[in-house]
Amino acid sequence: MMLENYFTLGRFQHQRLDFKRWTPAVLSSHKTLFAVLWIVGFASVFIWQRNIVDGLLLFGRAQPRPVPRMRPVTFNLTDFGGVGDGVTVNTEAFERAISAISKLGKRGGAQLNVPAGNWLTAPFNLTSHMTLFLSEDAVILGIQDEKYWPLMPPLPSYGFGREHPGPRYGSLIHGQNLKDVVITGHNGTINGQGQTWWKKYRQKLLNHTRGPLVQIMWSSNILISNITLRDSPFWTLHPYDCKNVTIRNVTILAPISEAPNTDGIDPDSCEDMVIEDCYISVGDDGIAIKSGWDQYGISYGRPSKNILIRNLVVRSMVSAGVSIGSEMSGGVSNVTVENLHVWDSRRAVRIKTNIGRGGYVRHITYRNLTFQNVRVGIVIKTDYNEHPDDNYDRKAVPILEDISYFGIHGEGVRVPVRIHGSKEIPVRNVTFRDMSVGLTYKKKHIFQCAFLQGRVIGTVFPAPCENLDLYDEQERLVKLSESQDASDIDYDL
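Residues numbered from 1 in each chain as written. Predicted model: local features only at pLDDT ≥ 70, side-chain atom pairs only at ≥ 80, totals over all residues. Heavy atoms only, no water.

Novice: It is not clear to me how the state of the cysteines should be interpreted in this structure. Could you clarify?
Specialist: By definition, a disulfide links the sulfur atoms of two cysteines through a covalent bond. Considering all chains together, one arrives at one disulfide under this definition. Residue Cys449 pairs covalently with Cys465 via a disulfide, S to S 2.0 Å. Residues Cys449 and Cys465 are joined by a disulfide whose S-S torsion is about -85°; by sign, that bridge is left-handed. Here Cys449 is found in strand β25 (residues 447-450), whereas its partner Cys465 is found in the loop between β26 (452-461) and β27 (468-471), with 16 residues between them in sequence. Under the relative-accessibility criterion, Cys449 is labelled buried at 0%. With no disulfide of its own, Cys242 lies closest to Cys270 among cysteine sulfurs, the gap being 4.9 Å. (Disulfide = S-S within 2.5 Å. Helix = DSSP H or I, 4+ residues; strand = E, 2+ residues; numbered from the N terminus. Buried < 20%, exposed > 50% of the residue type's maximum accessible area, 1.4 Å probe, protein only.)

Novice: Can you walk me through the sheet that holds strand β10 (residues 173-176) in this structure?
Specialist: Neighbouring strands of a sheet are bound in pairs by backbone hydrogen bonds; such pairs are parallel or else antiparallel. Pairing in this open sheet of four strands is parallel, and the strands run β5-β10-β13-β15 from one edge to the other. Edge strands, defined here as strands with exactly one partner in the open sheet, are β5 (124-125) and β15 (237-240). Pairing geometry for β10 and strand β13 (residues 214-217), over four bridges, is parallel. Opposite His174, over in β13, you have Gln215 as the bridge partner. (Pairing = 2+ DSSP bridges.)

Novice: Any chance you could explain the nonpolar core here in plain terms?
Specialist: Leu126, Ile190, Ile247, Tyr366, Tyr405 and Phe432 are the most contacted members of the largest nonpolar core, which has 104 residues in total. Within the second largest apolar cluster, eight residues are counted, among which are Leu155, Tyr158, Phe234 and Trp235. (Core = buried A, V, L, I, M, F, W, Y, C linked by side-chain atoms within 4.5 Å.)

Novice: Help me understand the packing of aromatic side chains, please; the structure alone is not making it clear to me.
Specialist: Two aromatic rings, taken as a pair, are described by how far apart their centres are and by the angle between their planes. With the rule as written, the count across this model stands at 13 aromatic pairs. Seen from their ring centres, Phe75 and Phe80 are 5.4 Å apart, and the 85° between their planes marks the pair as edge-to-face. By the burial criterion, Phe75 is buried, and Phe80 matches it. Taken together through their ring pairs, the aromatic side chains of Tyr158, Phe234, Trp235 and Trp293 make up a single cluster. Lying over the aromatic face of Tyr201, Arg210 brings its terminal NZ or CZ to 4.0 Å of the ring centre. (Phe/Tyr/Trp six-rings, centres within 6.5 Å; stacked < 30°, edge-to-face > 60°. Lys NZ or Arg CZ within 6 Å of the ring centre and 35° of its normal.)

Structure representation (structure tokens):
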């Protein structure tokens, strides 16, 4: 740069000397002086216009966005032999890069940039103080042959395995006992290529539980943002027993049918978590908050709590937009779901549990929900009959209480509410306020309840079930219910 400035300055000085020699001759003629000034002015305008046009062309071209530097040290996957041709297996390149990053923790870690390309890989592990950055048009592809996917012990809060007893397949991108991990980018993609897994699962050709796309376990201070996750073999994004997790501006995709158990985000025994500004369209629950399964979850004893979910658009033709459970044996509490739009889905928001789960679901707030072409809007189901084995405790009864629904609106909904408590598992202290849902069928029994205690504040549409107390807008009692144990559940509707 100094040499360039030096030579530029030299040329300018030489021109200045020449200028001194011919200036007197030029000034001897006013006409000549006017012509020179006109030429200089015209040239200046021409150069200015040329620069403007070049600038516009520069902005008009698809320029690759510069990769932000988020760590003191930055690596590129190609520095470690990575080849993004969609054929070369890059597992060793990822492992070498992450090994180098693991040595830089005391310096603040490092960033691994994955440039545009198709980067085929087997599963690999992250490390602490790491940023994985996926550039625009970068795609990490999971290898489809399950022999390259390592086997791991079953999750301790799930007993002997979720789909099969014994070991389970690990996730494509995995991490355990980590701190300060970021997965982000310019909307690059992590693609699990789950089609082979789904087919083998349906054909019962797998001997182990399928692995998630991304699973982070026993970790803290995790940020996942500005990426696309798609076609996971199993659950897509599974934070397990983690604290301080933020998931923001993430797109999660899988076919809405024939893609079994491809949940979008499954916070599992997690604490202090935010999920916001995401689009999810998958083959199972968009989000499912969990905390362990029956006696194993009770024994593990880690609740999911302090979770904020907001500003989401979700589609689930198979299950629900946002679920709690059914594996909730460690407890779920202090959850807020707000500004949620669920469209073309079987259910919108659901809590599901059963005898044997134990645990609790309490202090849950739903606010500003919109349902569009949804079969059943609000669901609480207490007979979700699925257990890890026959050794579950028949006396372990879950507690469902303190659940609020504020600002519920929509159109094209068949059954706006179906809260199915039972004598063994009653649902207590439920509040509805500001609800108006456009209906597909103008039939009775579309606000369905059983063994439910709670209240309606103000006017709601459709008319609430007889189980609920009625209050006016000033929260003054109008009518006490005398039918809290009544049941008008109709699954045929």
